[in-house]
Amino acid sequence: MKKKRIATASLAGCFGCHMSLLDIDERIIDLMKVAEFDRSPLNDFKKFTRRCDIGLIEGGCCNEDNVHVLREFRKNCDVLVAVGQCAIMGGLPVMRNAIMHSDDPLRECLDEAYRASPKVMNPDNQIPNDPALPLLLDKVYTVVDVVKVDYQIPGCPPSGDVLWTALTALIKGEPPELDWALIKYD
Ligand code: SF4
């Protein structure tokens, strides 16, 4: 059987979902027999080398670059999977949407991060604005807010077992049938 190609990305994630993928432990040897990784922080490939069968997305979108990467994944992957609570519903980072109560919520968020926090040393009172920096979005968006996804795997993070179950099904070209006992949201 031709090996399936898998790409992965961490957007506004914590890399915990990637760590959980590595929690499949020695089963990674079996995975490597039937699949290979393309663009992924696991191998440090920064660009797609070819079209992929499966794309795994960790994290929602908090900045412009996240949206760009996510659209690239949708364009280059046959099946796109939102992995973890951040990708599915924004996760903990989405709390910045709820605590904003001013007329200029993004400004409030930046002020707290770069000016107001007691541990900030910022004598010029400048918020970083180099063009190389991706701009923060007005709020955190889920993956589904930006592109169509084919499957969602919940959990913060999903366990190695649930990722293994889902991946082995997807590699066979089947939908992931997740036993309820494997599913969690925390
Ligand atoms: S879902 Fe949890 S483990 Fe995964 S990126 Fe978000 S915070 Fe990290």
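Details of the structure are given in the entry above.
Attention here is on the structure that accompanies the text. The structure displayed is predicted, hence computed values, not measured ones.

1. Side note on the packing of aromatic side chains
Point 1. The full count for this structure, using the stated rule, is 1 aromatic pair.
Point 2. Residues Phe-48 and Phe-73 carry aromatic rings whose centres are separated by 4.9 Å and whose planes lie at 65° to one another, so their mutual orientation is edge-to-face. Of this pair, Phe-48 sits in the loop between β2 (35-37) and β3 (52-58) while Phe-73 sits in helix α3 (residues 64-76), placing them 25 residues apart in sequence.
Point 3. Judged by its relative accessible area of 17%, Phe-48 is buried.

2. A closer look at a nonpolar patch on the surface
Point 1. Residues Met-19, Leu-22 and Leu-42 make up a contiguous nonpolar surface patch of roughly 250 Å² in combined accessible area.
Point 2. The residue Leu-22 is located in helix α1 (residues 16-22) in this model.
Point 3. Classification of Leu-22 as partly exposed rests on a relative accessible area of 36%.

3. Description of the side chain of Ser-10
Point 1. With respect to the helices and strands, Ser-10 occurs in strand β1 (residues 4-10).
Point 2. A polar side-chain atom of Ser-10 sits 2.6 Å from a polar atom in the side chain of Glu-58.
Point 3. What Ser-10 contacts, discounting residues up to four positions off in sequence, is Phe-15, His-18 and Glu-58.

4. Side note on the nonpolar core
Point 1. Among the nonpolar cores identified, the biggest contains 20 residues, and Leu-11, Ile-57, Leu-70, Phe-73, Cys-77, Leu-80 and Val-143 are the most heavily contacted of them.
Point 2. Where this core is concerned, the elements lending two or more residues are β1, β3, α3, β5 (77-83) and α4 (84-89).
Point 3. Tallying contributions element by element places α3 first for this core, with 4 residues.
Point 4. Apart from the residues lying within four places of it in its own chain, the contact partners of Phe-73 are Ala-7, Thr-8, Ala-9, Arg-39, Phe-48, Gly-55, Leu-56, Ile-57 and Leu-80.
Point 5. Membership of the second largest hydrophobic core comes to 19 residues, among which are Ile-6, Cys-17, Leu-56 and Ala-166.

5. Describing the layout of surface pockets
Point 1. In this structure, the largest pocket encloses a volume near 300 Å³.
Point 2. Along its surface, the largest pocket is lined by Asn-63, Leu-106, Leu-110, Tyr-114, Ile-127, Pro-128, Asn-129, Asp-130, Leu-133, Pro-134, Leu-135 and Leu-136.
Point 3. Take the lining of the largest pocket: its biggest share by element is 3 residues, from helix α6 (residues 105-116).
Point 4. Roughly 240 Å³ of internal volume is contained in the second largest pocket.
Point 5. At the level of elements, β1 and α3 are the ones that each hand at least two residues to the lining of the second largest pocket.
Point 6. Classifying every residue of the lining of the second largest pocket by side-chain character gives 6 nonpolar, 4 polar and 4 charged.

6. Here's the deal with the site of the ligand
Point 1. Around the ligand, the neighbouring residues are Gly-13, Cys-14, Gly-16, Cys-17, Glu-58, Gly-84, Gln-85, Cys-86, Gly-155, Cys-156 and Pro-157.
Point 2. Counting only elements with at least two residues in the shell around the ligand, the list comes to α1 and α4.
Point 3. Considering each element in turn, the shell around the ligand owes the most residues, 3 residues, to α4.
Point 4. A class-by-class count of the residues in the shell around the ligand yields 5 nonpolar, 5 polar and 1 charged.

7. Structural notes on the pattern of salt bridges
Point 1. Taken as a whole and judged by the stated rule, the model has 11 salt bridges.
Point 2. With its nearest N and O atoms 2.8 Å apart, the salt bridge here joins Asp-38 to Arg-5. Of the two residues, Asp-38 is situated in the loop between β2 and β3 and Arg-5 in strand β1; the sequence distance between them amounts to 33 residues. Like Arg-5, Asp-38 is buried.
Point 3. The shortest N-O distance in the salt bridge between Arg-39 and Glu-72 comes to 4.0 Å. Of the two residues, Arg-39 is situated in the loop between β2 and β3 and Glu-72 in helix α3; the sequence distance between them amounts to 33 residues.
Point 4. Taking relative accessible area as the criterion, Glu-72 reaches 21% and is therefore assigned partly exposed.
Point 5. One salt-bridge network, held together by shared partners, links Arg-5, Glu-36 and Asp-38.

What counts, and at which threshold
- Residues numbered from 1 in each chain as written.
- Predicted model: local features only at pLDDT ≥ 70, side-chain atom pairs only at ≥ 80, totals over all residues.
- Heavy atoms only, no water.
- Phe/Tyr/Trp six-rings, centres within 6.5 Å; stacked < 30°, edge-to-face > 60°.
- Helix = DSSP H or I, 4+ residues; strand = E, 2+ residues; numbered from the N terminus.
- Buried < 20%, exposed > 50% of the residue type's maximum accessible area, 1.4 Å probe, protein only.
- Patch = residues over 30% accessible without salt bridge, like charges linked within 9 Å, V, L, I, M, F, W, Y side chains within 5 Å.
- Areas by Shrake-Rupley, 256 points an atom, 1.4 Å probe, with all protein chains shown as cover.
- Salt bridge = Lys/Arg side-chain N within 4 Å of Asp/Glu carboxyl O.
- Polar contact = N/O pair within 3.5 Å; in protein donor to acceptor, adjacent residues only side chain to side chain.
- Contact = heavy atoms within 4.5 Å.
- Core = buried A, V, L, I, M, F, W, Y, C linked by side-chain atoms within 4.5 Å.
- 1 Å grid on protein atoms, 1.4 Å probe; cavity = no way out; pocket = protein on both sides within 12 Å on 5 of 7 lines; lining within 4 Å.
- Points joined across faces, edges and corners; volume = space filled by probe spheres on them.
- Nonpolar A, V, L, I, M, F, W, Y, C, P; charged D, E, K, R; others polar.
- Near = heavy atom within 4 Å.

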